[in-house]
Amino acid sequence: MRARPPAAPGRRRALSAGGGDAMPGRISANGGVPLLRQPLRCPGGRTHLRTGCCGHVAGSHPKRERVAQRIRGAADLPKIPIPSVPVFQPSTPIPERLEAVQRYIRELQYNHTGTQFFEIKKSRPLTGLMDLAKEMTKEALPIKCLEAVILGIYLTNNMTTLDRFPISFKTHFSGNYFRHIVLGVNFGGRYGALGISRREELMYKAPVFRTLSELIFDFEEAYRRCWHTLKKVKLGHCVSHDPHSVEQIEWKRSVLDLDKLTREDFRKELERHARDMRLKIGKGTGPPSPTKDRKKDVSSPQRGQASPHRRNSRGDRRPSGEKKPADSKAMPDLNGYQIRV
């Protein structure tokens, strides 16, 4: 069996400024040691992950058995702190809650290992993604930008006055394209963002921007300081606050190609998208859960019509042997309800 030839130098991709990575695969680096780029599923939690990583190192390190025994037998290793999920009082302002959520995401730290710990499929319904976010809080493993967006949605579901929508970026640097995503937020007409990145200026934005275009232009300027050129911006629609919703997240409602738009057209398209989101929320088809609308229709109109007939006193009741004559006024008109069925 022939040995596999070494990886070409061109396959070694530069790290993204925002948090996007090269295509998943298996890349040789540092003397032929393989770096796993495929998602790693951890059904057994941290113990399963630790065992798998130790097994990988044991197969490539020259002093594998001695090093493994020394690490496993060490009793003075410091415990890794696990961040606590933020809990809010009803009186806590939304901006302070957003800062606490971002602080929690930052404490999980960015995943620099090259191994994706959680597999996220954008086509999954919202309820499945929320179950995955709950698993993230239990495992408390490092995350990347897409995982931070899902986690941000999960931690802000109870903030019904906060609008959330995904914002994706595609940039160009040194002959390569990179992708990054954050969770855009809108509270009280002010825009901001939640997320995680290798760069501090490409993650959290406090909700202080008056328009959506100001927020995107601020990200563009941050990319420019990292020597990245912004090529495309994808904007999604508002995400439902119902964690049990079976609808899918609309990731790219608007796709804006900066090479085909002037600066003024780019700004107009951003404001048009912001206006469409406001109209969708105003019509009641946005973030509020559909279960709230169903609660309003709990009382049936037939019960409302029949309720006065059950208030008859005992004196008005007839003996059991007598039959009450048919009264056309007392009979409910069923023609009107047949239309509603």
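Here the structure is a predicted model, which means the values were calculated and not measured.

1. Quick notes on the side chain of Arg97
Now for step 1: Along the chain, Arg97 falls in helix 3 (residues 94-108).
Now for step 2: As a buried residue without a salt bridge, Arg97 has its nearest oppositely charged side chain in Glu96, at a separation of 7.9 Å.
Now for step 3: One polar contact links the side chain of Arg97 to the main-chain carbonyl oxygen of Thr92, over a distance of 3.0 Å.

2. Things to note about unusual backbone geometry
Now for step 1: Notably, Ala140 is not glycine yet its phi reads approximately 55°, a positive angle.
Now for step 2: Relative to the helices and strands, Ala140 resides in the loop between helix 4 (126-139) and helix 5 (145-155).
Now for step 3: For Ala140, a relative accessible area of 6% gives the class buried.
Now for step 4: With a phi close to 65°, Trp227 is a non-glycine residue in the positive phi region.

3. Quick word on the packing of helix 4 against helix 5
Helix packing for two helices is described by the angle between their axes and how far apart those axes are.
Now for step 1: Where helix 4 contacts helix 5, the two axes come as close as 9 Å, and the packing angle between them is 100°. With respect to each other, helix 4 and helix 5 are oriented roughly perpendicular. Listed contacts from helix 5 to Leu126, Leu129, Met130, Ala133, Lys134, Met136 and Thr137 of helix 4 are Glu147, Ile150, Leu151, Ile153 and Tyr154.
Now for step 2: When grouped by side-chain class, the residues that make up the contact of helix 4 with helix 5 number 9 nonpolar, 1 polar and 2 charged.

4. Looking at the pairing of strand 5 (residues 190-194)
Successive residues of a regular strand alternate their side chains across the two faces of the sheet.
Now for step 1: The buried count for strand 5 comes to 4 of 5 residues, which makes it a mostly enclosed element.
Now for step 2: Pairing geometry for strand 4 (residues 176-187) and strand 5, over 5 bridges, is antiparallel. When the bridges of strand 5 are listed, Val185 appears paired with Gly192.
Now for step 3: Linkage of strand 4 to strand 5, two consecutive antiparallel strands, is achieved through a turn of 2 residues, within which Gly188 is found at a positive phi near 65°.
Now for step 4: Where strand 5 and strand 6 (residues 205-209) come together, 2 bridges link them in antiparallel fashion.

5. Details of helix 3
Now for step 1: A rise of 1.5 Å per residue sets the reference length of helix 3, with its 15 residues, at 21 Å; its end C-alpha atoms lie 21 Å apart and thus fit the reference within 8%.
Now for step 2: Burial in helix 3 covers these residues: Ile94, Arg97, Leu98, Ala100, Val101, Gln102, Tyr104, Ile105 and Leu108.
Now for step 3: Summarising the contacts, the buried residues of helix 3 are in contact with helix 4, helix 5, strand 4, strand 5 and strand 6.
Now for step 4: Note on helix 3: the residue one or two positions beyond its end, Gln109, has a positive phi of about 75°.

6. Side note on the pattern of salt bridges
When the charged atoms of two side chains with opposite charge come close together, those side chains can pair.
Now for step 1: If you walk through the whole model with that rule in mind, you get 12 salt bridges.
Now for step 2: Arg224 is the partner of Glu220 in a salt bridge, and the nearest nitrogen-oxygen pair spans 3.7 Å. Placement of the pair is Glu220 and Arg224 together in helix 6 (residues 212-225), with a separation of 4 residues, close to one helical turn.
Now for step 3: Residue class for Glu220 comes out buried when judged on its relative accessible area of 9%.

7. Things to note about the packing of helix 3 against helix 5
Now for step 1: Interhelical geometry of helix 3 versus helix 5 gives an angle of 145° and a closest axis separation of 10 Å. You can see that helix 3 and helix 5 cross each other, and the crossing is right-handed. Across the interface between the two elements, Val101, Tyr104, Ile105 and Leu108 from helix 3 touch Ala148, Leu151, Gly152 and Leu155 from helix 5.
Now for step 2: Looking at the contact of helix 3 with helix 5 residue by residue, the classes come out as 7 nonpolar, 1 polar and no charged.

8. Things to note about the packing of aromatic side chains
The description of two aromatic rings rests on the distance between their centres and on the angle between their planes.
Now for step 1: For the coordinates displayed, the defined rule picks out 4 aromatic pairs.
Now for step 2: A cation over an aromatic ring shows up here: Lys122 above the ring of Trp251, its NZ or CZ 5.0 Å from the ring centre.
Now for step 3: Taking NZ or CZ as reference, Lys205 lies 5.0 Å from the ring centre of Phe219, over its face.

Cut-offs applied
- Residues numbered from 1 in each chain as written.
- Predicted model: local features only at pLDDT ≥ 70, side-chain atom pairs only at ≥ 80, totals over all residues.
- Heavy atoms only, no water.
- Helix = DSSP H or I, 4+ residues; strand = E, 2+ residues; numbered from the N terminus.
- Buried < 20%, exposed > 50% of the residue type's maximum accessible area, 1.4 Å probe, protein only.
- Lys, Arg positive; Asp, Glu negative; His and termini not counted.
- Salt bridge = Lys/Arg side-chain N within 4 Å of Asp/Glu carboxyl O.
- Polar contact = N/O pair within 3.5 Å; in protein donor to acceptor, adjacent residues only side chain to side chain.
- Axes fitted to C-alpha atoms, helices over the stretch in contact; angles between N-to-C directions.
- Parallel < 35°, antiparallel > 145°, perpendicular 65-115°, else oblique.
- Contact = heavy atoms within 4.5 Å.
- Nonpolar A, V, L, I, M, F, W, Y, C, P; charged D, E, K, R; others polar.
- Pairing = 2+ DSSP bridges.
- Expected span 1.5 Å × (residues − 1).
- Left-handed = near helix turned anticlockwise from the far one by under 90°.
- Phe/Tyr/Trp six-rings, centres within 6.5 Å; stacked < 30°, edge-to-face > 60°.
- Lys NZ or Arg CZ within 6 Å of the ring centre and 35° of its normal.

Spatial relationships are all this shows, so hold off on functional conclusions.
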